[in-house]
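Read off the chains here:
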Amino acid sequence: MIYWHLFWAFFIANILGYGGGPATIPLTQQQIVDHYGWMTNEEFVDMLAVANALPGPIATKIAAFTGFQEAGWLGLLVATIGTVAPSAIAIILLLKLLNHFKQSPVVKGMTLLVQPVIAVMMIQLTWQFSSVSFASIGVWQSIFIGLVSLIAIVWWKIHPAIIIVAAFIYGGAILPYFMA
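Residues numbered from 1 in each chain as written. Predicted model: local features only at pLDDT ≥ 70, side-chain atom pairs only at ≥ 80, totals over all residues. Heavy atoms only, no water.

Draft legend 1. Region of interest: the overall build of the chain. Per the secondary structure count, the chain includes nine helices and zero strands. Counting from the amino terminus, helix and strand elements in the chain follow one another as α-α-α-α-α-α-α-α-α. Summarising its shape, the C-alpha atoms of the chain cover approximately 60 × 40 × 25 Å along the three principal directions. Here the chain holds 180 residues, and the buried ones make up 29% of them. Within the chain, residue pairs in contact and separated by at least 24 positions form 58% of the contacts whose partners lie at least 6 positions apart. Here the chain carries 5 positive and 5 negative side-chain charges, and the mean point of each set is 33 Å from the other. (Helix = DSSP H or I, 4+ residues; strand = E, 2+ residues; numbered from the N terminus. Buried < 20%, exposed > 50% of the residue type's maximum accessible area, 1.4 Å probe, protein only. Contact = heavy atoms within 4.5 Å. Lys, Arg positive; Asp, Glu negative; His and termini not counted. Charge placed at Lys NZ, Arg CZ, Asp CG, Glu CD.)

Draft legend 2. Quick peek at the environment of Gln31. Mapping Gln31 onto the fold places it in helix H2 (residues 21–35). For Gln31, a relative accessible area of 11% corresponds to the buried category. In the structure, Gln31 is positioned 81 residues away from Leu112 in sequence and 26 Å away in space, judged by C-alpha atoms. If we ignore the near neighbours within four places in the chain, the residues touching Gln31 are Ala9, Ile12, Ala13, Tyr36 and Gly37.

Draft legend 3. The arrangement of the packing of helix H7 (residues 115–137) against helix H8 (residues 139–155) in detail. Running from N to C, H7 and H8 point in directions that differ by 125°, and their axes come no closer than 7 Å. When the axes of H7 and H8 are compared, the pair comes out oblique. Contact residues: Ser133, Phe134 and Ile137 in H7; Val139, Gln141, Ser142 and Ile145 in H8. Looking at side-chain class alone, the contact of H7 with H8 contains four nonpolar, three polar and no charged residues. (Axes fitted to C-alpha atoms, helices over the stretch in contact; angles between N-to-C directions. Parallel < 35°, antiparallel > 145°, perpendicular 65-115°, else oblique. Nonpolar A, V, L, I, M, F, W, Y, C, P; charged D, E, K, R; others polar.)

The structure is reproduced here in structure tokens:
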């Protein structure tokens, strides 16, 4: 039964995650944390932080980690297939149909009006992650790291991967002295 749950949890999150990996994160979090209880919210945030630091699509990394944690190598494979299957099915079945009607006002309206929903989901996820960060390292430390990251990415145009590595270094080398 665990294999079916792994497949279904990731299939549902990824078939409804319009917009790709980042849009699926809140849906995946709901499945992993709230619905199945495979992780706590804090564990999910930690796993997501590590997954973001690694190359490749975020959704497949989340699926691989969760599947392996819950059911070993076969669980990893099943969860990853559940993650990839919706995209493969959509590409094969729907892309030609959408391309055929891409100038249709209905299709344009559908794709444009779903964007605010995705934005709200991302804001909700940001709020949840911020709450975990505030509880674990403190409000001021979280705000400081967030502001420095924002400035570095938006104004200084530093690649997010470099910011993630810098945060790892800061967290491992400097932060323990402030939290002691």
